[in-house]
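A closer look at the structure
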Amino acid sequence: MQLRNSPSRYGVVSIVLHWGVAVAVFGLFGLGLWMVGLDYYSPWRKAGPDLHKSIGLVLLAVMLLRVLWRFISPPPPAPANHGAVTRLAAKLGHFSLYVGLFAVMIAGYLISTADGVGIPVFGLFEVPALVSDLPDQADLAGVIHLWLAWGLVIFAVLHALAALKHHFIDRDATLTRMLGRKA
């Protein structure tokens, strides 16, 4: 399989980035829901949020790489059977997923840095607190982070359902291309 995208399918870099981000998003969502229910005496009370923040910051770096990769190796064009509305919906949907991902991560960063302390990443290095003096920063960013995370996950599920619809109903190559197979 080729590294770069071709006119008929995605390359291995795009495929790994796509599925890796998907696993990370759903994993972070589950971890986030689980960790907010931890009580004061849970051994995971500190470790859960630390893990969530570290994975989130790695995901931010991966997403920046993913955006760069889209410029280096543009995605294949839409299958020929996609009409203008379907093509526009796909472009708007992908754009919304990217914006949603970055917005969730920025809100998470603002929660974590509200007290002026940087964020350690797996104990290897620390991301500095660049913004920490906004009024009600942690509370407001927390509400935004929660709602954006729900919206992102729901939209990602719709994205997956659309891919399944293209595969099983339209019988086109939309899904198979992201699995590394030729159209």
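Bear in mind that the values here come from a model prediction, so they are computed numbers and not experimental data.

1. Here we look at the overall build of the chain
Looking only at helices and strands, the chain has five helices and two strands in total. Moving toward the C terminus, one meets the helices and strands of the chain in the order α-α-α-β-β-α-α. Principal-axis analysis of the C-alpha atoms gives the chain an extent of 55 × 30 × 30 Å. By the burial criterion, 36% of the 183 residues in the chain qualify as buried. In the chain, 67% of the contacts between residues at least 6 apart in sequence involve partners at least 24 apart. Summing over all exposed atoms, the chain offers an accessible surface of approximately 11200 Å²; the carbon and sulfur share of this is 73%. Distance between charge centres in the chain, computed from 14 positive and 9 negative side chains, equals 23 Å.

2. Notes on the environment of Leu164
Within the fold, Leu164 resides in helix H4 (residues 137-168). Sequence separation between Leu164 and Thr174 is ten residues; the distance between their C-alpha atoms is 8.7 Å. Contacts of Leu164, omitting those with residues within four sequence positions, involve Ile169 and Leu175.

3. Details of the pattern of salt bridges
Counted under the stated rule, the structure contains two salt bridges. Across the pair Asp50 and Lys46 runs a salt bridge whose closest N-O atoms are separated by 2.7 Å. Within this pair, Asp50 and its partner Lys46 are both found in helix H2 (residues 44-72), separated by four residues, close to a single helical turn. Relative accessible area serves as the criterion here: at 58%, Lys46 is assigned to the exposed category.

4. Overview of the UniProt feature "transmembrane region" (unreviewed entry) in the chain
Taken from the UniProt record, the annotation "transmembrane region" (unreviewed entry) applies to residues 12-34, 54-72, 92-111 and 144-164. Measuring from the first to the last C-alpha atom of residues 12-34 gives 32 Å, for a span that is 100% helix and 0% strand. In residues 144-164, the share of helix is 100% and the share of strand is 0%. The end C-alpha atoms are 30 Å apart.

What counts and how
Residues numbered from 1 in each chain as written. Predicted model: local features only at pLDDT ≥ 70, side-chain atom pairs only at ≥ 80, totals over all residues. Heavy atoms only, no water. Helix = DSSP H or I, 4+ residues; strand = E, 2+ residues; numbered from the N terminus. Buried < 20%, exposed > 50% of the residue type's maximum accessible area, 1.4 Å probe, protein only. Contact = heavy atoms within 4.5 Å. Areas by Shrake-Rupley, 256 points an atom, 1.4 Å probe, with all protein chains shown as cover. Lys, Arg positive; Asp, Glu negative; His and termini not counted. Charge placed at Lys NZ, Arg CZ, Asp CG, Glu CD. Salt bridge = Lys/Arg side-chain N within 4 Å of Asp/Glu carboxyl O. UniProt positions renumbered as here; feature names shortened; annotations may be inferred.

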